[in-house]
Structure formats: structure tokens, C-alpha cells
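This is what each chain is made of:
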Amino acid sequence: MNQSLYALIESRFPADPSRILIETDGGAAYSWRDLDALTARYARLMSELGLAKGDRVAVQTDKSPQAMFLYLACLRGGFIFLPMNTAYQPDEVDYLVGNAEPRLLVCRPEVETTTKDIAAAHGCLNVLTMDGDGRGSFAEAAQAVPADFSTVDCAADDVACILYTSGTTGRPKGAMLTHRNLSANALALVSYWGITAGDVLLHALPIFHAHGLFVACNTTLLAGARMLWLARFDGDRVLELLSRATTFMGVPTFYTRLLASPRLTRDACRHMRLFVSGSAPLLEETFRAFEERTGFSILERYGMTETGMNTSNPLTGERRPGTVGFPLPGVSVRAVGDDGNVLGTDGVGVLQVKGENVFSGYWRMPEKTGEDFTADGWFKTGDVGKIDADGYVHIVGRAKDLIISGGYNVYPKEVESVVDRIDGVVESAVIGVPHPDFGEAVTAVVKRLPGRTDVTEAAVIAEVKTRIANYKVPKTVHFVEELPRNAMGKVQKNVLREMFSSRVSSLIG
Ligand code: MLC
Ligand code: AMP
């Protein structure tokens, strides 16, 4: 039997293919028949371009239904889909392209020239464009081939997607997710969250990360449900459309922004049944305020690019704020101490997970993969947590030097290496400080060369902006005479966080 995720989705197509799958904010509607025809055309085009099973297709496009169909066409054709955040700057794209060696790049028309240069430097001959309306040279070429394609046979362990995630050591790593990983996780969520063909998901997340692509789209597709499609999160539009939706998924920033509007009311949510939050910790105060205003307790779940979703608060039963709920069916979670011993109830340690959801390794990095798994096959998440007496998993911290800003991961090391290269900078340390909108804000603490007062906050920010994605750019830059170090010479980031957290929060609020 074909183990491809696309084959699974296909096996669950609604009996009536004219049913609407996606309705965009601009009023366009796409049925399941459209999905079938467009993915056939797209997959056919990619085959005719010479792509073979296992070839990578790197995509950096604005969100559109066609961009999702391109993802599905890759699953259908057995090509490996590699989505890139639209905020990535050319340096970041260049690294990913060099590392993944895609056979095809699909980019936004406005960066076609730069992308072609990057592609050419890495021997990739196929660069096509797609804009936010799904138009461009990719769609034009696809129009010229027949909408006829037989779904390619894939084994459960074949890689379906590679998602890059940065690392504590700097350079991004490509997490290889197999058809089994994606199928198993989406099926678990469909059943755990009770998603049915009657659901209407208000989709406001980007589709280049696990949350918006796998959690949101895959579950909708497997349940035969429907999506109201927003090109980006816009609080006002979400509040207008909520009355037509039944489910919503977001990062905590979505919820704090919605709460800032008086239009978030019980009435606005009258047809809703489920609000899901994840990708970053949901503050208890946000959970409570949302409950008070709308009557809904937000369901918080916990996941990672490498693992998909690991735990979730229950659909029925108590959703406990400050916890991420229970391991999903088929997923095992344990907390492990520094000595490697598995901890009992309430023991705080690094969380490890095991299950069909866990990725197959980092692309071309067997050593790194080896380091991140235990000898008995558990993946070390780098999140610090505990499991309480009732079985709820709590995340209490991170063993990895990571900042999560508005649901996006920022690895300080990556930002520091860019800041350190600025003329006049001796060294820097990048930390996360509490931020009312983004949860945490990227903050740089910089030591300048003597007399280099021309290296200002504005100058540092402007320079960093040209090199890395905007969400990684420090919101604030502080200058110090010396960075505090411990006896081992290691920068004491906790000291810096204490020094600068209160200053920033008092500035903000
Ligand atoms: C945008 N900016 C950010 C930012 N997003 N800065 C820090 N953190 C972010 N997340 C920048 C903008 O470029 C702009 O900079 C300035 O901040 C203000 O922009 P904005 O207009 O307020 O931002 P907006 O476009 O509204 O975007 C905010 C957001 C977006 C929260 C809607 O970041 C978002 O959609 N986040 C979701 C992330 C997500 O999907 N994560 C899932 C990962 S999967 P300037 O300088 O241009 O003015 C995963 C696994 C799991 O983690 O468990 O789910
Ligand atoms: P990413 O690499 O973008 O997939 O981010 C995964 C990381 O996001 C996890 O390792 C956690 O640190 C964090 N994360 C995801 N969901 C939650 C949550 N509900 N609460 C706290 N942290 C979370």
C-alpha cells in the first residue's frame, strides 16, 4: 500500500469533490476537485522538469492556497518539500540552498534575480516564481501540462519534508520528516481534538513552519474539513471571520493581540468550539483573560519542528493553564535528570520524546542526529519540564539557548555572529527579555571598541536587518564596558537578563 501522506489524504477525500476546501479572504474558493487537479498539474510539471523521487523543492513564497497545493504536489510526486520563511534574507537562503541542494526553487517574483543567482551558485537550474495570489511562472508552466498524475508510491520512512531549524551552535539544521511522521501526528490530532468534516478552521498562521502547515493544514485535509484562509494574521479580520469558524490555531501573540480588541466577545465566538495555542508558552494571565472574555479555555499543546506535536491539553476534561497537557496517543514523554536517570513525578529534567511523530534525523548531519538521540532511541528536546501526579506535562525552562519571539525561534548564537562582524564591535551577547506582544524580545548587549560611539543602536539594528530575518533582529541594543563572565570565562546571560529585563519592561509598560 502507498504510505505517502498524499495517498492517505486522497483516501479520505469527501464523496462530493465539489465541496469547498478553502475560502480565501479575497473571496476565492477552492474545492477538493481543484486540489486534485492543481496538485496533479504541479506534480506533473515538476516531473517534466526532470525532478525525480527524493529531489528537494525549496519554496519561499507568500501564503496562498496555491502554495499549499505546491506542498501537496510534492507529497504526491514523492519530492521533498522544503519551505523557507519569507523573512529569510539572501544569506540565509543561500545557506539552505547550498545545504539542501534543491532541484527546483520557487520564489516570490520580487526576489527572482537574487534567487536565480543563489540557485546558479549551487548548481540549481530551475527557478520559478509564485506570488501571493498563486500567479507567476510556476503557475503558467503548470497550466501548459495536463492535470493528470498518478500519486507516486512512497514508503512510510521516505522523507516528505525538510524543515530547517536553527541550532545553538549557529547554523541551521534540516529536520527530515517522513510520511509516517506527518501522517501519524496528524491522525493523532484529528482524533484527540475531535476534528470532523463539519469543522471550519480560521487559518491565520504562516505555512512555512510546522504549526501552520502540519498542525493546521494536515489535520483539516485528513478530516475533510474546510478552511477560511487569511494571508497573514490580522486581528480585525480574525474577529470578523470568527463567527463563521469553528476552530482557530495560533501562537500566544495572536491571543494577546485579540484580547487587546474590545471586539473579542462571547458573541464573536458563538460558533467556535476550539481555540488552540502553541509554539511558545501561553501565559496563565492570557488563558484566564480569554476565558473570562469569551467563555473558552484555550487548549495549549506542545510541539517542535523535529517531533510535530508531543502533548496536548484534553478536548474534554480539564485544560490546565501553565501545562501542555498529556502525551498524545502514540507519543511517550519522560523527564530525565543530568545523570541520565528517568525522573518520577514532579522531577524536573530535560524532556525526551519517542513515537512515530519523531523525525528521522538531520539532513546530512549524522553526528548531530546521534547526539540528539539517546542510545535507546529517545529524542532530547532541550526543553526542561516535569510530569505532575495527574500526568500533565509542564515546561519550566529550556536547556538550549533559545529565544521564542512571537512563535518564531531565534538562536542567540546566530544573531551574535552577525553583530560581532560589525565594524567597531568587540563582542556581543544576545538574550531574550519579556515582551508584552512577542512574549520574548531579542535584545543585544554589545561591547564596542574604545571611542566607537558611532556604533549606535540604530546602526547595529540597520546592519543586522540586511543579513538576517526581521524577527531575529534585536528590538533593543544596550552597550556595556564589559560582558559579565563566570570563572570559566563564559558570558553570564542570566546576569544580563536580570540587568536588562526590568529596564525593557518598564520602557514598554
Ligand atoms: C514580525 N516581526 C517580529 C515578529 N514578527 N519581530 C519579532 N518576533 C516576531 N515573531 C517584526 C516585523 O518584521 C516588524 O519589523 C515588527 O516586528 C513589527 O511587525 P508586526 O506588524 O507587529 O508583525 P506581524 O507582521 O503582525 O507579525 C507578528 C506575528 C507573526 C505574531 C503575526 O510573527 C507570526 O505570524 N508569528 C507566528 C509564528 C509561527 O507560525 N510559529 C510556529 C513555528 S512552528 P520591522 O522592523 O519590519 O518593522 C513551532 C512548532 C510548534 O514552533 O510547536 O508549533
Ligand atoms: P520549533 O523549533 O520552532 O519547532 O520550536 C519548538 C520549541 O517551541 C520547543 O522546543 C519549545 O521550546 C517551544 N514550544 C512549543 N510549544 C510550546 C508550548 N506550548 N509551551 C512552551 N514552549 C513551547
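Above this text sits the structure in question.
Nothing here was measured: the structure is a model prediction, and the numbers come from that model. (Residues numbered from 1 in each chain as written. Chains lettered and ligands numbered in written order. Predicted model: local features only at pLDDT ≥ 70, side-chain atom pairs only at ≥ 80, totals over all residues. Heavy atoms only, no water.)

K.L.:
Give a description of the packing of aromatic side chains that names residues and reports values.
P.N.:
Applying the stated criterion to the full structure yields 19 aromatic pairs. Seen from their ring centres, Y42 and F138 are 4.9 Å apart, and the 80° between their planes marks the pair as edge-to-face. One end of the pair, Y42, is in helix 2 (residues 32-48); the other, F138, is in helix 6 (residues 137-143), and 96 residues separate them in sequence. The class for F138 is buried, based on a relative accessible area of 0%. Centroid distance Y255 to F275: 6.3 Å. Interplanar angle 75°. Geometry classified as edge-to-face. (Phe/Tyr/Trp six-rings, centres within 6.5 Å; stacked < 30°, edge-to-face > 60°. Helix = DSSP H or I, 4+ residues; strand = E, 2+ residues; numbered from the N terminus. Buried < 20%, exposed > 50% of the residue type's maximum accessible area, 1.4 Å probe, protein only.)

K.L.:
Got a sec to walk through the site of ligand 2? Specific residues and values, please.
P.N.:
The environment of ligand 2 is made up of 16 residues, and the closest members are R301, T305, D383, K400 and N409. Side-chain polar atom of D383 to an oxygen atom of ligand 2: 2.5 Å apart, as the coordinates give it. One of the side-chain nitrogen or oxygen atoms of N409 is found 2.7 Å away from an oxygen atom of ligand 2. Within the complex, 91% of the 500 Å² of free accessible area of ligand 2 lies under protein. Of all the elements in the fold, those that place two or more residues in the shell around ligand 2 are strand 13 (299-304) and strand 20 (393-398). With five residues, strand 13 is the largest single contributor of residues to the shell around ligand 2. Taken together, the residues that form the shell around ligand 2 break down as seven nonpolar, four polar and five charged. (Near = heavy atom within 4 Å. Polar contact = N/O pair within 3.5 Å; in protein donor to acceptor, adjacent residues only side chain to side chain. Areas by Shrake-Rupley, 256 points an atom, 1.4 Å probe, with all protein chains shown as cover. Nonpolar A, V, L, I, M, F, W, Y, C, P; charged D, E, K, R; others polar.)

K.L.:
Mind laying out the pattern of salt bridges, listing which residues take part and the relevant values?
P.N.:
Here the structure, examined in full by the defined rule, presents 40 salt bridges. R364 is the salt-bridge partner of E101, the closest N and O atoms lying 2.8 Å from each other. Residue E101 is located in the loop between helix 4 (90-100) and strand 5 (104-107), and its partner R364 is located in the loop between strand 18 (361-362) and helix 12 (366-372); the two are separated by 263 residues in the primary sequence. For E101, a relative accessible area of 42% gives the class partly exposed. Via salt bridges that share partners, D25, D236, R237, E240 and R263 belong to a single interconnected network. (Salt bridge = Lys/Arg side-chain N within 4 Å of Asp/Glu carboxyl O.)

K.L.:
I'd like to hear about the site of ligand 1, residue by residue, with values.
P.N.:
Surrounding ligand 1, one finds 24 residues, the nearest of these being S279, R301, S405, K465 and N470. The contact in question runs from an oxygen atom of ligand 1 to an N or O atom on the side chain of S279, over 2.6 Å. Within the contact set of ligand 1, an oxygen atom lies 3.3 Å away from a backbone nitrogen or oxygen of G303. Bound to the protein, ligand 1 loses 74% of the 1000 Å² it would expose on its own. Elements with a contribution of two residues or more to the shell around ligand 1: helix 8 (210-223), helix 10 (252-259) and strand 13. For the shell around ligand 1, the per-class residue count stands at eleven nonpolar, nine polar and four charged. Here the shell around ligand 1 spans two domains, since at least three of its residues come from each of domain 2 (201-353 + 366-400) and domain 3 (402-501). (Domains from an automatic or database assignment.)

K.L.:
Run through the sheet that holds strand 15 (residues 326-327), naming residues and quoting values.
P.N.:
Taking strand neighbours across the sheet as the criterion, the nine strands line up as 2-1-10-9-11-12-13-14-15 in an open arrangement whose pairing is mixed. Each of the sheet's edge strands pairs with one partner strand only, and the pair in question is strand 2 (29-31) and strand 15. As paired elements, strand 1 (residues 20-24) and strand 2 share three bridges and run antiparallel to each other. Bridge pairing in strand 2 links E23 to A29. (Pairing = 2+ DSSP bridges.)

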